[in-house]
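Letter by letter, the chains look like this.
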Amino acid sequence: GNMVEWCLPQDIDLEGVEFKSMASGSHKIQSDFIYFRKGLCFGLACFANMPVESELERGARMKSVGILSPSYTLLYRYMHFLENQVRHQLEMPGHYSHLEAFYDDKKGVLSDSKGTPGSQQPVHWLPSIHRYMYPEMKITHPAGCMSQFIKFFGEQILVLWKFALLRKRILIFSPPPVGVVCYRVYCCCCLANVSLPGLGGTVPESKPFFYVNVADIEMLETEVSYVACTTEKIFEQKRDLYDVYVDNQNVKTHHEHLQPLLKINNADKEKYRRLNDQRQMLMYSQEVGEDCSSCEEDLFILFFMEQNNRIFQTLMEVSASQDKTLTADHARGMGLDPQGDRSFLMDLLEVYGIDVMLVIDNPCCT
C-alpha cells in the first residue's frame, strides 16, 4: 500500500494523505498531478512512475511529492518545483535537502484544527466574492482549460450550471490521469459564482474537494454540497454520497425530482450560443491585437456570474414587491425557459429561501 516516506513538519496529521496524493489506478500511467483537500487545507501533489530493475519494488518505483496550504489558489506556482522533485526522488531516493530548503523558505503556521467548533474560519474557495477578477483567485491550468471544459461538455455545461447553482453534491468520475479532471471540478465551481451582496447567508458553500477516494467516504457522508472527482468506479454504487454523477460527458442523477434538469431546453441552447459568440469575439480581438488583457477564463466566469446575478436580482426584486408573483415574463427576463426551467426555479427558491409565488401556466394553456 501507499505510505508517507517523509514530511515536514514531522508532527502534522497526515492521515490518509498517502491515498489522496496518489490517485487509485496511477500505476498505469507515467505522470500526473492531483489537487485534493485535507481537513481545512488544500494539497497539490505531482506523481511520477519509473521502471526499475528491482524485485522488491516489483519493477516500478512510484512516488508523489506534494504540499499543503490553507488555500489552493497559489499552489500552481509550485507545480514545476514539485514535478522536478518527484523526478529527483525517483532517481535519488532519500535525498530531501531541496524539500527541506523549500519548506524553510515557504513555511507558514497553520491554526490548530482541533479548535472548538466555530473557532475555525471557513475555507472559502475564492478569496472574496468581490475580488473575483484578482489574479490570485486563479487556479493555474494549461492554456485553454476553460475552452477544453466547454468543448468537452458542450451544452451539458448548462446542466452542470443548474446543479452547481442548486449546491448539489457533484461527483465526476474518470480513470487516471486525474489532473485535468481536477480542473473540471474547478470549472464546475466557477459556474455558481454570484456577486450580489446579502444573498443566501444560509446557503451551503460550493466546495471544490478535487480528488476523493474510498478513504473519504465518511467525510463525504456529512457534506451537503461539494464538487469532487474520483478514479474509483465503486463510488457510482454509493448513491447516498452524491446527487449528480458525471461519467465522461454523461451527466446523470438518481433523484427523480432532479431528472427534468437533465434536459437541454431552448433557453439553455440560447445561452450556449451566446457564450460561444462571446468566445469567438474574444479570439478575434486577440488575433487583431485589440485586446490582450482579457482572457477566456475571465469571460467564462463573468458570463455565468452575470447570468446568476440577473436571476437573483429579479428574484429578490419580486420577493420585495407587494404581490410576490413570479411570471413567465420574469422567467424569460432571467434568461430561463418558463416551462423547461420550472422545476429548476422551484428548487432555486427553496434552496435560497426566497419567498415568491411561481405562477407559470401549464404547457397545455400556453
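In the annotation of an unreviewed UniProt entry, the entry for the protein chain reads DENN domain-containing protein 11, and the organism field reads Tachuris rubrigastra. Recorded in UniProt for the protein chain, the comment headed Sequence similarities (unreviewed entry) runs: "Belongs to the DENND11 family."

Enquirer: What is the right way to look at unusual backbone geometry in this model?
Expert: Peptide bonds are trans in most cases, and residues, glycine excluded, mostly fall at negative phi. Residue Pro 9 is reached from Leu 8 by a cis peptide bond, and omega for that bond is -10°. Mapped onto the elements of the fold, Pro 9 is located in the segment before helix H1 (17-20). Of note, the bond from Pro 176 into Pro 177 is cis; its omega dihedral lies within 30 degrees of zero at 5°. With respect to the secondary-structure elements, Pro 177 resides in the loop between strand S4 (169-173) and helix H6 (179-190). Although it is not a glycine, Phe 210 sits at a positive phi angle of roughly 55°.

Enquirer: What exactly am I supposed to notice about the packing of aromatic side chains here?
Expert: The geometry of an aromatic ring pair comes down to the distance between the two centres and the angle between the two planes. Applying the stated criterion to the full structure yields 20 aromatic pairs. Aromatic ring contacts, followed pair by pair, group Phe 149, Phe 152, Phe 153, Trp 161, Phe 300, Phe 303, Phe 304 and Phe 344 into a single cluster. Across from the ring centre of Phe 152, 3.8 Å away, lies the NZ or CZ of Arg 184, which sits over that ring.

Enquirer: Can you help me understand the nonpolar core in this one?
Expert: In a soluble, globular protein the nonpolar side chains are often hidden away together inside. Of all hydrophobic cores here, the largest spans 93 residues; its most connected members are Phe 312 and Leu 315. For this core, the domains that each give at least three residues are domain 1 (1-98) and domain 2 (136-316). Those residues in contact with Phe 312 that sit more than four places away from it in its chain are Leu 165, Val 194, Leu 196, Leu 199, Leu 348, Tyr 352 and Ile 354.

Enquirer: Looking at this structure, I do not really get helix H9 (residues 296-320). What am I missing?
Expert: Residues three or four positions apart in an α-helix share a direction because the helix packs 3.6 residues into each turn. Here H9 is 25 residues long and its end C-alpha atoms lie 36 Å apart, about the 36 Å a rise of 1.5 Å per residue gives. The buried count for H9 comes to 18 of 25 residues, which makes it a mostly enclosed element.

Enquirer: Just to check I follow, could you spell out the side chain of Asp 247 for this structure?
Expert: Looking at where Asp 247 falls in the secondary structure, it is placed in strand S7 (residues 244-247). You can call Asp 247 buried: its relative accessible area is 18%. One polar contact links Asp 247 to Lys 233, side chain to side chain, over a distance of 2.8 Å. Apart from the residues within four sequence positions on either side, Asp 247 is in contact with Phe 173 and Lys 233.

Enquirer: How do you make sense of the confidence of the model for the protein chain when you look at a structure like this?
Expert: Low pLDDT means the predicted atomic positions in that stretch should not be read closely. Taken as a whole, the protein chain shows an average pLDDT of 85; of its residues, 85% reach a score of 70 or greater. Here residues 113-138 is modelled with pLDDT under 50, and outside its nearest four sequence neighbours on either side it reaches 47 contacts, counting other chains as well.

Enquirer: I would appreciate a short explanation of the side chain of Lys 162 in the present structure.
Expert: Inspection of the secondary structure assignment puts Lys 162 in helix H5 (residues 156-165). Take Lys 162: its relative accessible area is 2%, and that puts it in the buried class. Other than its neighbours up to four places away in sequence, Lys 162 contacts Leu 261, Asn 265, Asp 268, Asp 341 and Phe 344.

Enquirer: What is the right way to read the pairing of strand S1 (residues 31-38) from this model?
Expert: In regular strands, side chains alternate between the two faces of the sheet. The element S1 is extensively covered by neighbouring structure, given that 7 of its 8 residues are classed as buried. When S1 meets strand S2 (residues 41-51), the two strands line up antiparallel, connected through 8 bridges. Within S2, the position partnered with Lys 38 by the bridge is Cys 41. Count of turn residues in the S1/S2 antiparallel hairpin: 2 residues, of which Gly 39 carries a positive phi of about 60°.

Enquirer: How do you make sense of the environment of Gln 249 when you look at a structure like this?
Expert: Looking at the element boundaries, Gln 249 is found in the loop between S7 and strand S8 (250-253). For Gln 249, a relative accessible area of 40% puts it in the partly exposed group. In sequence terms Gln 249 and Gln 156 are 93 residues apart; their C-alpha atoms lie 7.6 Å from each other. In contact with Gln 249, other than residues within four places in its own chain, are Phe 152, Phe 153 and Gln 156. Within the local environment of Gln 249, its side chain forms a polar contact with the backbone oxygen of Phe 152, the two atoms lying 3.1 Å apart.

Enquirer: How should the state of the cysteines be read in this particular structure?
Expert: Here a disulfide denotes a covalent bond joining the sulfur atom of one cysteine to the sulfur atom of another. Summed over all chains, the structure comprises 0 disulfides. The closest cysteine sulfur to the non-disulfide-bonded Cys 188 is located on Cys 189, 6.8 Å from its own sulfur. Overall, the relative accessible area of 1% leaves Cys 188 in the buried class. You can see Cys 190 has no disulfide; the closest cysteine sulfur is in Cys 187, sitting 6.1 Å from it.

Enquirer: Teacher, can you tell me more about the packing of H5 against helix H8 (residues 266-287) here?
Expert: With their axes 9 Å apart at the nearest point, H5 and H8 run at an angle of 110° to one another. Classified by the interaxial angle, the pair formed by H5 and H8 is roughly perpendicular. Each of Ile 157, Leu 158, Trp 161 and Lys 162 in H5 lies in contact with H8, whose residues at this interface are Asp 268, Lys 271, Tyr 272 and Leu 275. Partitioning the contact of H5 with H8 into residue classes produces 5 nonpolar, no polar and 3 charged.

Cut-offs and rules
Residues numbered from 1 in each chain as written. Predicted model: local features only at pLDDT ≥ 70, side-chain atom pairs only at ≥ 80, totals over all residues. Heavy atoms only, no water. UniProt positions renumbered as here; feature names shortened; annotations may be inferred. Helix = DSSP H or I, 4+ residues; strand = E, 2+ residues; numbered from the N terminus. Phe/Tyr/Trp six-rings, centres within 6.5 Å; stacked < 30°, edge-to-face > 60°. Lys NZ or Arg CZ within 6 Å of the ring centre and 35° of its normal. Core = buried A, V, L, I, M, F, W, Y, C linked by side-chain atoms within 4.5 Å. Buried < 20%, exposed > 50% of the residue type's maximum accessible area, 1.4 Å probe, protein only. Domains from an automatic or database assignment. Contact = heavy atoms within 4.5 Å. Expected span 1.5 Å × (residues − 1). Polar contact = N/O pair within 3.5 Å; in protein donor to acceptor, adjacent residues only side chain to side chain. pLDDT = per-residue confidence, 0-100. Pairing = 2+ DSSP bridges. Disulfide = S-S within 2.5 Å. Axes fitted to C-alpha atoms, helices over the stretch in contact; angles between N-to-C directions. Parallel < 35°, antiparallel > 145°, perpendicular 65-115°, else oblique. Nonpolar A, V, L, I, M, F, W, Y, C, P; charged D, E, K, R; others polar.

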